[in-house]
Amino acid sequence: MESRPIKEFSRFDIVMNRFRQEIEDKSRFSSVAPFADNDIAQDERLERSAKDFWQFDQIYFPEEMYSDGYSAPSRFHKDIIKIASKPGIQVILGPRKHGKTATAKKYLVWLLLTGKVNFGGTLSQTLTTSRNILTDIFSLIADNRRILHDFAPEFDEANQDQLTFSVRSVDKKIRLMAFSEGRSVRGATRLFDRPQFILC
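The model shown is predicted, which means the values in this text are computed figures rather than measured ones. Every chain is numbered on its own, with residues counted from 1 as its sequence reads. Residue-level local features of this predicted model are given only where pLDDT is at least 70; pairs of side-chain atoms are given and counted only at 80 or more, and the full residue set underlies all totals for whole chains, interfaces and linings. Based on all heavy atoms of the structure, the side-chain values leave hydrogens and waters out of the count.

Draft legend 1. The side chain of T164, seen in detail. A helix here means a DSSP run of H or I that spans at least four residues, while a strand means a run of E at least two residues long, and both kinds are numbered starting from the N terminus. Position of T164 relative to the elements: it lies in strand β3 (residues 162-166). On the basis of relative accessible area, T164 is assigned to the buried category, the value being 13%. Should any heavy atoms of two residues lie within 4.5 Å, those residues are counted as being in contact. Discounting chain neighbours no more than four positions away, the residues touching T164 are E154, F155, D156, E157, I174 and R175. Exposed residues in this analysis have more than 50% of their type's maximum accessible area, buried residues have under 20%, and partly exposed residues fall in between, with area computed by a 1.4 Å probe over protein chains only.

Draft legend 2. Just the pairing of strand β1 (residues 119-124), in detail. Along β1, 5 of the 6 residues are buried, which leaves the element largely enclosed by surrounding structure. Only strands that DSSP links by at least two bridges are regarded as paired with each other. Two strands pair when backbone bridges link them, and β1 and strand β4 (residues 174-180) are joined in this way by 6 bridges, in the parallel orientation. Along β4, the bridge assignment pairs G121 with M177. Examined bridge by bridge, β1 and strand β5 (residues 197-199) share 3 bridges and lie parallel to one another. Within the sheet, the bridge partner assigned to G121 lies in β5 and is I198.

Draft legend 3. Structural context of the packing of aromatic side chains. Only rings of Phe, Tyr and Trp enter the pairing, Trp through its six-membered ring, and a pair is recorded when the two centres are within 6.5 Å. The plane angle decides the type: under 30 degrees is stacked, over 60 is edge-to-face, the rest tilted. All chains considered together, the criterion is met by 12 aromatic pairs. Taking 5.7 Å as the distance between ring centres and 75° as the angle between the ring planes, the aromatic pair formed by F53 and Y107 counts as edge-to-face. Highlighted residues: F53 in helix α3 (residues 53-60) and Y107 in helix α5 (residues 100-113), separated in sequence by 54 residues. Residue F53 is classed as buried on the basis of its relative accessible area, which comes to 3%. Owing to a relative accessible area of 5%, Y107 belongs among the buried residues under this scheme. With a centroid separation of 6.2 Å and 70° between ring planes, the pair formed by F56 and F151 is classed as edge-to-face. Within this pair, whereas F56 is found in helix α3, its partner F151 is found in helix α7 (residues 145-151), the two being separated by 95 residues in sequence. Just as F56 is buried, F151 falls in that class too. The rings of F53, W54, F56, Y60, F61, Y107, W110, F151 and F197 are connected pair by pair, giving a single aromatic cluster. Lysine NZ or arginine CZ positioned within 6 Å of the ring centre and within 35 degrees of the ring normal marks a charge as sitting over the ring. The side chain of K78 reaches across the aromatic face of W54, ending 5.8 Å from its centre.

Draft legend 4. Quick look at the nonpolar core. As used in this record, nonpolar core signifies buried Ala, Val, Leu, Ile, Met, Phe, Trp, Tyr and Cys residues forming a set joined through side-chain atoms within 4.5 Å. Grouped together as the largest cluster of nonpolar side chains are 35 residues, with contacts concentrated most on F56, Y60, L113 and I147. In terms of residues, this core owes the most to one element, α5, which gives 8 residues. Ignoring sequence-local partners within four residues, the contact set of L113 consists of F56, I141, I147, F151, F165, V167, S169 and V170.

Draft legend 5. Geometry of the environment of K100. Topologically, K100 is positioned in helix α5. As a C-alpha pair, K100 and I80 span 20 residues in sequence and 7.3 Å in three-dimensional space. Polar contacts involving the side chain of K100 include one to the main-chain carbonyl oxygen of G94, which spans 3.5 Å. Nitrogen and oxygen atoms within 3.5 Å of one another constitute a polar contact, given that in protein one can donate a hydrogen and the other can accept it, and given that sequence-neighbouring residues count only through two side-chain atoms.

Draft legend 6. Examining unusual backbone geometry more closely. One non-glycine residue, A152, lies in the positive phi region at around 45°. Mapped onto the elements of the fold, A152 is located in the loop between α7 and β2 (154-158). For A152, a relative accessible area of 25% puts it in the partly exposed group.

Draft legend 7. Layout of the sheet that holds β4. Strand order in the open sheet made by the 5 strands is β2-β3-β4-β1-β5, with mixed pairing throughout. Every interior strand has two partners, whereas the edge strands, β2 and β5, have only one. Recorded for the sheet is a direction-independent mean angle of 20° between the axes of neighbouring strands. The sheet contact formed by β2 and β3 spans 4 bridges and is antiparallel. Paired with E157 across the bridge in β3 is T164. Axis angles are defined between N-to-C directions and span 0 to 180 degrees, where every axis is a line fitted to C-alpha atoms and, for a helix, only to the segment in contact. Sheet strands in contact with α5 are β1, β3, β4 and β5, and its direction is about 155° off that of β5.

Draft legend 8. The packing of helix α4 (residues 75-84) against α5, seen in detail. Where α4 meets α5, the closest approach of the two axes is 10 Å, and the angle between their N-to-C directions is 45°. Taken together, α4 and α5 sit at an angle that is classed as oblique. In the packing of α4 onto α5, the handedness of the crossing is right-handed. From α4, F76, H77, I80, I81 and A84 reach across to α5, where they touch K100, T103 and Y107. Lys, Arg, Asp and Glu make up the charged group, whereas Ala, Val, Leu, Ile, Met, Phe, Trp, Tyr, Cys and Pro make up the nonpolar group; the residues left over, Gly among them, are polar. Tallied by class, the residues present in the contact of α4 with α5 amount to 5 nonpolar, 2 polar and 1 charged. Angles are sorted into four bins: roughly parallel if under 35 degrees, roughly antiparallel if over 145, roughly perpendicular if 65 to 115, and oblique for all others. Here is the rule for handedness: rotate from the far helix to the near one, and if that takes an anticlockwise turn smaller than a right angle the crossing is left-handed, while a clockwise turn gives right-handed.

See below:
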C-alpha cells in the first residue's frame, strides 16, 4: 500500500489568514462614511428601515462594502426574505456563491436592530461554525459606521458564544447566542423568552 504524503499546514497560517480577512473587512466597512449632510434625516432613515428590510439593506450596506463586487438583490434574494419571515422552520437551498448566507445574516441584523427579534441564535453542526456566524453578525453591526451612527449599539457582552446589547430605538436588551449539535437550543432562555429566530 502506497502512503500519501501528509499535507503540511500551519495553525498559525490559518489564524493569520483569518486575521488578515478581518482587517480587510474592517477597513472596507470603515471606509464608508456614515452619512453626508444632504442624505435623508436620521429619523426618516430609521423609520424607513424599520418598515422595510430592503430599505435597511440599501441604507446601511451600500455597494462599497462588498469585497466580491456588488449585485443588486434579485428575485431569489427577495424570496429568501419572504421565506425567512414566515413562522416555522424554513429551509432554503440554492447554488453556492449566490448570496444566501449574506442575505440571511443581514436579515438577522435587521431583525435585531429594529426590535423585531430580541433573542436570536446561530446554529450549525459544529459550535465553531456557529460561533463564526455569530462573529460575522457582530462585525456587521460593530464595524459598520452607518449602523453605529443611527442605532448606537452598546454591547454588554460580546464574545464567541453570545452577544448582549442595546440599541437606541429598542426598549429590551437584545441577545444572540451560538448553538450547535453539542450545545442544544433546548433550555436556552432569557427570563421567560426563548429564541425567536435561529440562523443555520
